[in-house]
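Fold and contact review
Chain residues, written in single-letter form:
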Amino acid sequence: MKSWISFLMPEDEYKEKKMLYFFSEGAILLVLFLVVMFLVNKFIDLSTGVILFAGIAVFLFYIFGRYILSGMEYTDIATEQEYKRAVRGLKSRTTSFVVLFAIFYLIYGITSNSLVNWYEFTGMVISVGVVSFLFDFISLKKSYKKNKELL
Amino acid sequence: MKNNVKKIRMKTSMTQQQLAKKVGVTRQTIGLIEKGEYNPTLQLCVAIAKELDKTLDDLFWEVEE
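The structure reproduced in this document is the subject of the present report. (Residues numbered from 1 in each chain as written. Chains lettered and ligands numbered in written order. Predicted model: local features only at pLDDT ≥ 70, side-chain atom pairs only at ≥ 80, totals over all residues. Heavy atoms only, no water.)

1. Points about the overall build of chain B
Note the threshold: By the criteria applied, helices consist of DSSP H or I runs no shorter than four residues and strands consist of E runs no shorter than two, each listed in order from the N terminus. We take the radius of gyration over the C-alpha atoms and set the globule estimate at 2.2 Å times the residue count to the 0.38 power. With a 1.4 Å probe rolled over the protein chains alone, any residue whose accessible area is under 20% of its type maximum counts as buried; one over 50% counts as exposed, and the rest are partly exposed. Two residues form a contact once any of their heavy atoms are found within 4.5 Å. Charged residues are defined narrowly, with Lys and Arg counted positive, Asp and Glu counted negative, and His plus the chain ends left uncounted. The atoms used to mark charge sites are NZ of Lys, CZ of Arg, CG of Asp and CD of Glu.
Assigned secondary structure in chain B consists of 5 helices and 0 strands. Going from N to C terminus, chain B has its helices and strands arranged as α-α-α-α-α. For 65 residues, the compact-globule formula gives about 11 Å, and the C-alpha radius of gyration of chain B, at 11 Å, lands near that figure. Counting the 65 residues in chain B, one finds 43% classified as buried. Taking the intrachain contacts of chain B between residues at least 6 apart in sequence as the baseline, contacts between residues at least 24 apart amount to 51%. Charge centroids of chain B, computed over 11 positive and 9 negative side chains, lie 9 Å from each other.

2. As for helix 2 (residues 48–70) of chain A
Residues and elements named next belong to chain A. Convention followed: The span expected for a helix works out to 1.5 Å for each residue beyond the first. Nitrogen and oxygen atoms within 3.5 Å of one another constitute a polar contact, given that in protein one can donate a hydrogen and the other can accept it, and given that sequence-neighbouring residues count only through two side-chain atoms.
With 23 residues, helix 2 should reach 33 Å at 1.5 Å per residue; the first-to-last C-alpha distance of 33 Å fits that figure. Along helix 2, the residues that are buried comprise Ile51, Gly55, Ile63, Ile68 and Ser70. Packing partners of the buried residues in helix 2 comprise helix 1 (13–43) and helix 4 (118–150). Between the side-chain oxygen of the N-cap and the backbone nitrogen of Gly49 there are 3.3 Å, and the N-cap of helix 2 in question is Ser47.

3. With respect to a positive patch on the surface
Residues and elements named next belong to chain A. So the rule is basically this: Patch construction takes residues with relative accessible area above 30% that form no salt bridge. Like charges are linked within 9 Å, and nonpolar side chains (Val, Leu, Ile, Met, Phe, Trp, Tyr) are linked within 5 Å. Note on areas: Shrake-Rupley, 1.4 Å probe, and residue coverage restricted to the protein chains presented here. In what follows, salt bridge is the name for a side-chain nitrogen of Lys or Arg lying within 4 Å of a carboxyl oxygen of Asp or Glu.
Together, Lys141, Lys142, Lys145 and Lys148 make up a region of like positive charge exposed at the surface. Looking at where Lys148 falls in the secondary structure, it is placed in helix 4. Taking relative accessible area as the criterion, Lys148 reaches 45% and is therefore assigned partly exposed.

4. Re the interface of chain A and chain B
Cut-off, in case you're wondering: Buried area counts how much accessible surface, traced with a 1.4 Å probe, disappears from two parts once they are put together, with both parts' losses summed.
Counting from both sides, the interface comprises 16 residues of chain A and, opposite them, 16 residues of chain B. When chain A packs against chain B, the two sides together hide about 1400 Å² of surface, and 48% of this comes from carbon and sulfur. Counting the surface chain A buries against chain B, the share from its top three residues, Glu13, Tyr14 and Leu150 of chain A, is 47%. At the boundary of chain A and chain B, one finds 1 salt bridge.

5. Structural notes on the packing of aromatic side chains
Inclusion rule: Here a Phe, Tyr or Trp ring, Trp counted by its six-membered ring, pairs with any other such ring whose centre lies within 6.5 Å, and the pair is stacked when the planes are under 30 degrees apart, edge-to-face when over 60, and tilted otherwise.
Scanning the entire structure with this criterion turns up 9 aromatic pairs over all chains. On the basis of an interplanar angle of 75° and a centroid distance of 5.3 Å, the ring pair of Tyr14 of chain A and Tyr38 of chain B is categorised as edge-to-face. Of this pair, Tyr14 of chain A sits in helix 1 while Tyr38 of chain B is found in the loop between helix 3 (27–34) and helix 4 (42–51), placing the two residues in two different chains. According to the relative accessible area criterion, Tyr14 of chain A is buried, its value standing at 7%. Centroid distance Phe133 of chain A to Phe137 of chain A: 5.7 Å. Interplanar angle 15°. Geometry classified as stacked. Residue Phe133 of chain A and its partner Phe137 of chain A are both found in helix 4; the two are separated by 4 residues, about one turn of the helix. With relative accessibility at 24%, the residue Phe133 of chain A sits in the partly exposed group. On the accessibility criterion, Phe137 of chain A (26% relative accessible area) is partly exposed. The structure contains a cluster of three or more aromatic residues connected by ring pairs, namely Phe97, Phe101, Tyr105, Trp118 and Phe121 of chain A.

Below you can see the structure in the form of structure tokens.
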């Protein structure tokens, strides 16, 4: 089946089908959210920017959340050995990501002539690292559990 | 959908990973098909049947006993 969205879809047919469901569910939630906002806006004056931003966030967070919890990201992790190796890989990937993020955040701070607040910098880097690791870890754990049951 | 994919695959000593690679899907998808938790497309059914050297009937047709 050909569609302009095909380029966003994974090669594997099960993953493709699940992703299509997630996108559709996200789109329906977005429409419902916008209808509610439309009605609320009649009584309370809401900022258009906030509503639009919240709409995008609802759509993206829903799809991202469903993807992570579906346990289909790490399709080949089924044994304890593979799982432990994947956790090690995840730790080193997160470390590299945090280092790169810190460098770019510093460069951005310097080039935009804004003083780098070290508390803010440390807090931001740690938060980004923890959130990134946590999301990946949940996805890995879910995938491992699902794959183990399928062996 | 109940099927005989796992039984026949194991008879050929092929792993889920090997079958998955040959038919162009992930190991997870093969596992889900074997457990009857995912109904594959006809295209994938045919690919699996060819790799296991069986007919679609052998793999996917339910026979009441």
